[in-house]
Amino acid sequence: MASFRRRSCRLATLLPLVLLLAPTNAEVKAYISTASEYNTECKTSPHSLSPNKIAYTYDETLNVTCWTKGTKIMGDNLWLKSEAGCYVTQYDLTEYAGDYTADLAYCGRASEEENLTTEDATLHYKTECRICPDIDCDISAYLPEETDVTVTCWTDAGQVIIDDPYHFKTTNNCYVAEKGLYSKPDITYLDNCGPIPFLEAEWHNNENGTSEIDKRDAAPLPFPLPEEQSAKYLINVTVGEDYAYCRTCPKETCESQQRYVFDQEVWLQCLVETNGTWWSETTDFCYVNNSDFWQSPEGDYYKNPLCEWFDDPNSDD
């Protein structure tokens, strides 16, 4: 009996050691090599509003070292931390045959925190809020004048509007041009947005509530445009008549609010069609018959938005 107890003791002592030495299928890897499936952003935290540290282009290789959770992109809230120390959404990476959450370590609770700089601003002009600060980027929303926005970061690498390259990312996850604001935000209190790739809304739909701003899908322009023609915002034209009357509404019978003179530069916000005649709303918030300009804003040179695209759907008008 004593001999049996000694053997049992020895087995009990050896059992934990055997379990420690046994092979396991859940071995955590130091990193996993992958590649970007789309142009994408590598961010300071796993949230779509966070500034970018790196911009990855299509099919660019990278190593990811741990996983975390953040903004839901195209239904997926898993993000991976790259060796560069920033986070990229799993959706934007090539498909992985395994399970990141099993094959990599968790980045830790602190990795899920979102720290943003913010500043309030108000739109002076009708503004196209775009998914990236390039005039050819997809439009996320058509915002009317007097819209209040909250900006989170700035970039001076965007499309130059009139004479200003600055754009600001809003909490609705799209960029507005500084030129369209009443006043310039104080960038000393805001983060730089970092490098920004060319993005497409089809592949970067944000589902966490920061894209709930009303987009109001726009119908195509009712006139043909050359394929190589790019969109414009606050376009610059010159008066081609002795006088061009800027009226309170887009009709010749409407009262004249302002008079522009020959060869004067005028900045246009959008287009209105009235009984087959095209008018433009200027930055003075009045309307000029397009035949009074040297240029033809409704298509020969520009892709100018229709004013109705900025109408407030909740308005009683």
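This is a predicted model, so every value here is computed, not measured.

J.: It is not clear to me how the packing of aromatic side chains should be interpreted in this structure. Could you clarify?
T.: One pair of aromatic rings is described through two measures. These are the centre distance and the angle between the planes. For the coordinates displayed, the defined rule picks out eight aromatic pairs. For the pair Tyr142 and Phe310, a centre-to-centre distance of 5.4 Å together with 85 degrees between the ring planes defines the contact as edge-to-face. Taken as a pair, Tyr142 in strand E10 (residues 139-143) and Phe310 in the segment after strand E20 (287-289) lie far apart in primary sequence, 168 residues in all. Per residue, the accessibility class of Tyr142 equals that of Phe310, and both read buried. These aromatic residues form a ring-pair network of at least three members: Tyr142, Trp309 and Phe310.

J.: Just to check I follow, could you spell out the pattern of salt bridges for this structure?
T.: Side chains that carry opposite charge are capable of pairing whenever their charged atoms lie near each other. The full count for this structure, using the stated rule, is six salt bridges. As a salt-bridge pair, Glu128 and Arg130 come within 2.5 Å of each other at their nearest N and O atoms. The exposure class assigned to Glu128 is buried, which follows from its relative accessible area of 7%. Measuring nitrogen to oxygen at the nearest pair gives 2.8 Å for the salt bridge that ties Asp163 to Lys179. Highlighted residues: Asp163 in the loop between strand E11 (148-155) and strand E12 (167-170) and Lys179 in the loop between strand E13 (175-177) and strand E14 (191-192), separated in sequence by 16 residues. Look at Lys179 and you get partly exposed, because its relative accessible area is 28%.

J.: Is there a simple way to think about the environment of Val149 in this case?
T.: Position of Val149 among the secondary structure elements: in strand E11. Under the relative-accessibility criterion, Val149 is labelled buried at 5%. Expressed as a C-alpha distance, the spacing of Val149 and Thr122, which sit 27 residues apart in the sequence, is 5.9 Å. Dropping the residues within four chain positions of it, Val149 is found in contact with Glu119, Asp120, Ala121, Leu143 and Thr170.

J.: Got a minute to help me understand the state of the cysteines in this structure?
T.: Simply put, the disulfide is a covalent bond whose two ends are the sulfur atoms of two cysteines. For the coordinates displayed, the defined rule picks out eight disulfides. With its sulfur 2.1 Å from that of its partner, Cys42 forms a disulfide with Cys86. Linking Cys42 and Cys86, the disulfide has an S-S dihedral of approximately 105 degrees and is accordingly described as right-handed. Of this pair, Cys42 sits in strand E2 (residues 40-43) while Cys86 sits in the loop between strand E5 (76-82) and strand E6 (87-89); the two residues are 44 residues apart in sequence, bridging distant segments of the chain. With a relative accessible area of 0%, Cys42 lands in the buried category.

J.: Could you clarify how one ought to interpret empty space enclosed by the protein in this entry?
T.: Rolling a probe over the atoms, with the probe sized like a water molecule, indicates the empty space that remains. Tallied over the full model, the rule gives one cavity of 30 Å³ or more. Approximately 80 Å³ is the volume attributed to the largest cavity. Residue lining of the largest cavity: Glu128, Arg130, Cys132, Pro133, Asp134, Ile135, Gln159, Ile161, His167, Tyr175, Ala177 and Tyr233, and that is the complete set.

J.: What should I look at first to understand a nonpolar patch on the surface in this one?
T.: A cluster of nonpolar side chains, contributed by Tyr243, Tyr245 and Val261, occupies part of the molecular surface with about 260 Å² of accessible area. Mapping Tyr243 onto the fold places it in strand E16 (residues 243-247). Judged by relative accessible area, Tyr243 falls into the partly exposed class, the value being 40%.

J.: Please clarify how the pairing of E12 should be interpreted in this entry.
T.: Two faces, one strand: in a regular strand the side chains alternate between the faces of the sheet. The alternating pattern of E12 places His167 and Lys169 on one face and Phe168 and Thr170 on the opposite face, and all of these are buried. One ladder, built from four bridges, connects E11 with E12; its direction is antiparallel. From the neighbouring strand, Val151 faces E12, where its bridge partner is Thr170. Of the strand pairs in this sheet, E12 and E13 are connected by three bridges, and their pairing is antiparallel. From the neighbouring strand, His167 faces E13, where its bridge partner is Ala177.

Conventions adopted
Residues numbered from 1 in each chain as written. Predicted model: local features only at pLDDT ≥ 70, side-chain atom pairs only at ≥ 80, totals over all residues. Heavy atoms only, no water. Phe/Tyr/Trp six-rings, centres within 6.5 Å; stacked < 30°, edge-to-face > 60°. Helix = DSSP H or I, 4+ residues; strand = E, 2+ residues; numbered from the N terminus. Buried < 20%, exposed > 50% of the residue type's maximum accessible area, 1.4 Å probe, protein only. Salt bridge = Lys/Arg side-chain N within 4 Å of Asp/Glu carboxyl O. Contact = heavy atoms within 4.5 Å. Disulfide = S-S within 2.5 Å. 1 Å grid on protein atoms, 1.4 Å probe; cavity = no way out; pocket = protein on both sides within 12 Å on 5 of 7 lines; lining within 4 Å. Points joined across faces, edges and corners; volume = space filled by probe spheres on them. Patch = residues over 30% accessible without salt bridge, like charges linked within 9 Å, V, L, I, M, F, W, Y side chains within 5 Å. Areas by Shrake-Rupley, 256 points an atom, 1.4 Å probe, with all protein chains shown as cover. Pairing = 2+ DSSP bridges.

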